[in-house]
Amino acid sequence: MNIQQKKEKLEEIRKELIKAKKAPLYSYRKENNYLPVPGEGRTNAKIVMVGEAPGKNEAETGRPFCGQTGKILDELFESINLDRESVFVTSVVKDRPQKNRDPTKEEIAWYAPYLDRQIEIIAPKVVVALGRFAMEYLFDRYGVDIEKKTISELHGSVFEGKVGAQRIKIVALYHPSASIYNQKLKSVIKEDFKVLKQFV
Ligand code: URA
């Protein structure tokens, strides 16, 4: 697929999400004048970052990681001299859950096929799961057997994933929002981020 075709396919996804009346969080979106947050970044990015679900700032602007957590993510990108514009940033769930509650299994199952398509179109070298929800979904989707291990055991390592003919590397990191009140965790995430340099 050339870059123009990729752009068009990603745009199709964005349009589908806007019209997705059956989306479990569609009525909440409309009641609050929120926007879906499909994700944004380079069409042929080598790195795709996957968060959990948009927060308030994101739902108000339609842009991923643009609030307080986004600032942390920007600092992390900067710490490894990586341009945010050179990666693709998105999340598993594409609408904001009420009061930032955890997404439900049903919501994850409903929105995840959009993420699957984005990853297939972009075909990055690595997909980075930010936090537990993205990690569990991506490991499951790409057949990484984690034997009930948690993110505290798995963060920062590179795993091989596969679905059909598509092979992909997956890295799980703590969600940057977890570091807002925890400086120790912030240094762990910063250290883990260095693992991404090999994919640039
Ligand atoms: N957390 C996420 O997982 N995604 C965002 O876009 C913002 C915060």
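Above this text is the structure in question.
All figures in this text were calculated on a predicted structure; none of them were measured in a lab.

**Quick notes on the side chain of Gln-166**
Residue position: Gln-166 is located in strand β6 (residues 166–173). Under the relative-accessibility criterion, Gln-166 is labelled buried at 17%. Excluding its chain neighbours within four sequence positions, the residues that come into contact with Gln-166 are Ile-119, Glu-120, Tyr-142 and Gly-161.

**Some details on the packing of aromatic side chains**
Throughout the structure, instances matching the rule amount to 5 aromatic pairs. Arranged with centres 5.7 Å apart and planes meeting at 75 degrees, the rings of Tyr-28 and Tyr-34 form a pair that is edge-to-face. For Tyr-34, a relative accessible area of 8% corresponds to the buried category. With a centroid separation of 5.7 Å and 40 degrees between ring planes, the pair formed by Trp-110 and Tyr-114 is classed as tilted. Here the residue Trp-110 and the residue Tyr-114 both occupy positions in helix α5 (residues 105–122), the gap between them amounting to 4 residues, near one helical turn. In this structure Trp-110 comes out as partly exposed when scored by relative accessible area, which is 28%. Residue class for Tyr-114 comes out buried when judged on its relative accessible area of 11%. Among the aromatic residues, those joined into a cluster by ring pairs are Trp-110, Tyr-111 and Tyr-114. The residue whose ring lies beneath Arg-132 is Phe-133, and the NZ or CZ to ring-centre distance is 4.4 Å. Here the guanidinium or amino end of Arg-141 rests over the ring plane of Tyr-142, the centre of that ring lying 5.7 Å away.

Rules used in this analysis
- Numbering of residues starts from 1 in each chain and follows the order in which that chain's sequence is written.
- It should be noted that, the model being predicted, local features are given only for residues of pLDDT at least 70 and side-chain atom pairs only at 80 or more, the latter also being counted only at that level, while totals for whole chains, interfaces and linings use all residues.
- Only hydrogens and water are set aside when side-chain values are computed; all heavy atoms of the structure are taken into account.
- Numbering of helices and strands runs from the N terminus, with a helix taken as a DSSP run of H or I at least four residues long and a strand as a DSSP run of E at least two residues long.
- When a residue's accessible area, from a 1.4 Å probe over protein chains only, is under 20% of the maximum for its type it is buried; when over 50% it is exposed; and in between it is partly exposed.
- For this analysis, residues touch if any pair of their heavy atoms sits within 4.5 Å.
- Two rings from Phe, Tyr or Trp (for Trp, the six-membered ring) form a pair when their centres are within 6.5 Å of each other. A pair whose planes differ by under 30 degrees is stacked, one over 60 is edge-to-face, and the rest are tilted.
- Whether a charge sits over a ring depends on NZ of Lys or CZ of Arg being within 6 Å of the ring centre and within 35 degrees of the ring normal.

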